[in-house]
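Below, each chain spelled out in residue letters.
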Amino acid sequence: MLVDGKSYRTIWPNADGSVSIIDQTRLPHSFEVVTLHAMPEAAHAIKTMVVRGAPLIGATAAYGMALAMQSDPSDASLATAYDTLHATRPTAVNLHWALDDARTRLSALPPAERAASAWARAAEVCDEDVALCEAIGDNGLSLIQAAAAKKKPGETVNILTHCNAGWLATVDWGTSHAPIFKAYDAGIPVHVWVDETRPRNQGASLSCWELGRHGVPHTLVVDNAGGHLMQRGQVDLCIVGTDRTVANGDVCNKIGTYLKALAAAAHKVPFYVALPGPTIDWTLNDGFAIPIEERPESEVTEMWGKTPEGALTRVRITPETTPAANPAFDVTPAALVTALITERGICSASTEGLAGLYPEHASA
Ligand code: MRU
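Because the structure is a prediction, the values reported are computed rather than measured.

Rules of the game
All chains use their own residue numbering, which begins from 1 and follows the written sequence. At least 70 in pLDDT is required for a residue's local features to be given in this predicted model, at least 80 for side-chain atom pairs to be given and counted, and no such filter applies to totals for whole chains, interfaces and linings, which use all residues. Working from all heavy atoms in the structure, the side-chain values ignore hydrogens and water. A run of H or I in DSSP counts as a helix once it spans at least four residues, and a run of E counts as a strand once it spans at least two, with each numbered from the N terminus. In this analysis, the expected span of each helix is defined as 1.5 Å times one less than the number of residues it contains. One fitted axis covers the seven residues ending at a residue, a second covers the seven starting there, and the bend at that residue is the angle between these axes. We call two residues in contact when some of their heavy atoms are within 4.5 Å. What makes a residue near a molecule or strand is one non-hydrogen atom of that residue sitting within 4 Å of it. For the purposes of these results, a polar contact is taken to be a pair of N or O atoms within 3.5 Å, where, inside protein, one atom must be able to donate a hydrogen and its partner to accept one; residues adjacent in sequence count only when each atom of the pair is a side-chain atom. Only Asp, Glu, Lys and Arg are considered charged in this grouping, and only Ala, Val, Leu, Ile, Met, Phe, Trp, Tyr, Cys and Pro are considered nonpolar; every other residue, Gly among them, is considered polar. Residue ranges labeled as domains rest on an automatic or database domain assignment. Structural elements are reduced to axes, namely lines fitted to C-alpha atoms, with helices fitted over the stretch in contact, and the angle between N-to-C directions of any two is expressed from 0 to 180 degrees. What makes a crossing left-handed is the near helix being turned counterclockwise from the far one by less than a right angle; a clockwise turn instead makes it right-handed. By nonpolar core we mean a set of buried residues, namely Ala, Val, Leu, Ile, Met, Phe, Trp, Tyr and Cys, connected to one another through side-chain atoms within 4.5 Å. Each residue is placed in one exposure class: buried if its accessible area under a 1.4 Å probe, protein chains only, is under 20% of its type's maximum, exposed if it is over 50%, and partly exposed if it falls in between. Paired strands, in this sense, are two strands between which DSSP finds at least two bridges. Any Phe, Tyr or Trp ring, taking Trp's six-membered ring, that has another such ring centre within 6.5 Å forms a pair; planes under 30 degrees apart are called stacked, those over 60 apart edge-to-face, and the others tilted. Think of it as a cone above the ring: NZ of Lys or CZ of Arg counts as a charge over the ring if it is within 6 Å of the ring centre and within 35 degrees of the ring normal. Joining two parts hides part of their accessible area as seen by a 1.4 Å probe, and the buried area is that hidden amount summed over both. A pair is scored as a salt bridge if a Lys or Arg side-chain nitrogen falls within 4 Å of a carboxyl oxygen belonging to Asp or Glu.

### Re helix 7 (residues 202–214)
Compared with the 18 Å implied by 1.5 Å per residue over 13 residues, the 17 Å span of helix 7 between its first and last C-alpha is a close match. At Cys208, helix 7 is bent by approximately 25°, the largest bend along its length. Those residues of helix 7 that are buried lie in contact with strand 1 (2–3), helix 6 (177–185), strand 7 (190–195), strand 8 (218–221) and strand 11 (251–254). Positive backbone phi, at 90°, marks Gly215, one or two positions downstream of helix 7.

This is the structure:
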């Protein structure tokens, strides 16, 4: 991603043994880099959503393990780091994938070798994520090209997306945004309807920011507008990300994704889900088995933004005594998903489709 002409990833190690991240709670108003010096800071950044998005959560956890091994490579420290990072957010499976991967590798090594191995592996996880996301972009591009081919020459392809599954949710490129960036770069006239994505407004604050930086035409809509736009033929396709996809093709993504999938099915608008392999949970065969994160009520009862004077502030939007529920994700059944876009190609959201692309995981 390019920010003010400078190329960035969302996370990177520093020569002094610290790790830098972009503070996503300050965007779009302020681009601020935060430095993590110890494992608990990495855990706190994930929990408080300074970093968020399934692949980036996994990458931050990998660096969190490296920070832990750097300060204390003992078995006890390894176990504490695993448990602390594991407890941060329950839904995105990349977190568990990255932590299991690190624990398996590190516990097989003598303590003196653990820090170097953890740093190297975290860098590898990041490089792999960038490559996976770019490949998702190349594969998803064909779907946007196909949508463009059905239109008159030069006519705009309208794409609706929910939450932020772009640069900021990954190490670079994004999942749902990668095909959009590729299509824009290839000269296809694209326009993105960005769902605001209440309660934390990842669409309004993060997707709009990065689409704008890349120059992709986009329009912010409230979460409830998608059905109306689809009813009027103003959406050619939807592309969203996923925090966990299970072996039968059910997907779990930011709350509100399911409603968009229902509207898309009603209006015969293709509904695509973009995902890298590490987002697939091969141990589950039913999306309803995925734990859904419940987040604080205050995210619903309050909003934050910038005052005309330029200060970032929170305001309450509900009566003081009104309780709020805040399930952060929902499950879209495979039957509502037109296809999955992965780094290995495009497949149906089904056991057969996923097993065809990932035969090493197919059950006998
Ligand atoms: O709660 P968040 O902001 O971490 O949720 C992120 C999403 O729902 C994304 O769509 C998902 O992680 C896919 S990211 C490539």
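### So, the site of the ligand
Around the ligand, the surrounding shell holds 18 residues, and the nearest of these are Arg89, Gln202, Asp243, Asn253 and Lys254. The contact in question runs from an oxygen atom of the ligand to an N or O atom on the side chain of Arg89, over 2.8 Å. At a separation of 2.7 Å, an oxygen atom of the ligand approaches a polar side-chain atom of Lys254. Where the shell around the ligand is concerned, the elements lending two or more residues are helix 2 (54–71) and strand 11. Classifying every residue of the shell around the ligand by side-chain character gives seven nonpolar, seven polar and four charged. When residues are assigned to domains, the shell around the ligand turns out to be shared by domain 1 (2–128) and domain 2 (137–361), each giving three or more.

### Thoughts on the packing of helix 4 (residues 93–107) against helix 5 (residues 111–149)
Look at helix 4 against helix 5: their axes get within 10 Å of each other, and the N-to-C directions meet at 145°. Like other packed secondary-structure pairs, helix 4 and helix 5 cross with a definite hand, here right-handed. Contacts between helix 4 and helix 5 involve Trp97, Asp101, Arg105, Leu106 and Ser107 from the first element and Arg114, Ser117, Ala118, Arg121, Glu124, Val125 and Glu128 from the second. Its residues assigned to classes, the contact of helix 4 with helix 5 shows four nonpolar, two polar and six charged.

### Let's talk about the nonpolar core
Counting residues in hydrophobic clusters, the biggest one holds 75 residues, and the most contacted among them are Ile11, Ile144 and Ile239. Here the element with the most residues in this core is helix 5; it accounts for 13 residues. Three or more residues apiece are contributed to this core by two domains, here domain 1 (2–128) and domain 2 (137–361). With sequence-adjacent residues up to four places away left out, Ile144 is seen in contact with Val157, Ile159, Pro179, Ile180, Ala183, Ile188, Val190, Leu237 and Ile239. One finds Val235, Val251, Cys347 and Ala349 within the second-largest nonpolar core, a separate group that totals 27 residues.

### Side note on the sheet that holds strand 10 (residues 244–246)
Pairing is mixed across the open sheet formed by four strands, whose spatial order is 13-10-11-16. Whereas interior strands pair on both sides, the edge strands pair on one side only; in this sheet they are strand 13 (280–281) and strand 16 (329–332). Where strand 10 meets strand 13, two bridges bridge the pair, whose relative direction is parallel. Within strand 13, the residue paired with Thr245 across the bridge is Ile280.

### A closer look at the environment of Gly241
In this fold, Gly241 is placed in the loop between strand 9 (237–240) and strand 10. Take Gly241: its relative accessible area is 1%, and that puts it in the buried class. Remark: the alpha-carbon pair of Gly241 and Ala54, spanning 187 residues in sequence, is separated by 9.0 Å. Beyond its immediate stretch of four places on either side in the chain, Gly241 contacts Ala165, Thr175, Ser176, Asn253, Val273 and Ala274.

### Considerations on the packing of aromatic side chains
By the definition in use, this model includes seven aromatic pairs. Considering the side-chain rings of Trp167 and Phe181, the 5.4 Å spacing of their centres and the 25° angle between planes classify their relative orientation as stacked. Of this pair, Trp167 sits in the loop between strand 6 (157–161) and helix 6 while Phe181 is found in helix 6, placing the two residues 14 residues apart along the sequence. Phe181 matches Trp167 in its accessibility class, with the two residues each being buried. Joined through ring pairs, the aromatic side chains of Tyr8, Trp12, Phe31, Trp167, Phe181 and Trp209 make up one cluster. Directly above the ring of Tyr82 sits Arg103, whose terminal nitrogen or CZ lies 3.7 Å from the centroid. Across the ring face of Phe329, the terminal group of Lys254 is positioned such that the distance to the ring centre comes to 4.1 Å.

### Quick word on the pairing of strand 15 (residues 312–316)
Examined bridge by bridge, strand 14 (residues 302–306) and strand 15 share five bridges and lie antiparallel to one another. Across the sheet, residue Met303 finds its bridge partner in strand 15, namely Val315. The turn linking strand 14 back onto strand 15 is made up of five residues, and Gly310 within it adopts a positive phi angle of 95°.

### Here we look at the domain arrangement of the protein chain
The domains assigned to the protein chain are domain 1 (2–128) and domain 2 (137–361). For the pair domain 1 and domain 2, the summed buried area comes to about 2,700 Å², and 59% of that belongs to carbon and sulfur atoms. When the buried area of domain 1 at its contact with domain 2 is split by residue, His29, Arg52 and Thr91 rank highest and sum to 23% of it. Inspection of the domain 1/domain 2 interface yields two salt bridges. Among the salt bridges present, the one from Arg89 reaches Glu293, with a minimum N-O distance of 2.8 Å. Our count for the domain 1 to domain 2 interface comes out at 13 residue pairs in polar contact (both at pLDDT 80 or more). When residues of the side of domain 1 that touches domain 2 are traced back to their parent elements, those giving at least two are strand 1, helix 2 and helix 4. Residue classes in the side of domain 1 that touches domain 2 are distributed as 17 nonpolar, nine polar and six charged.

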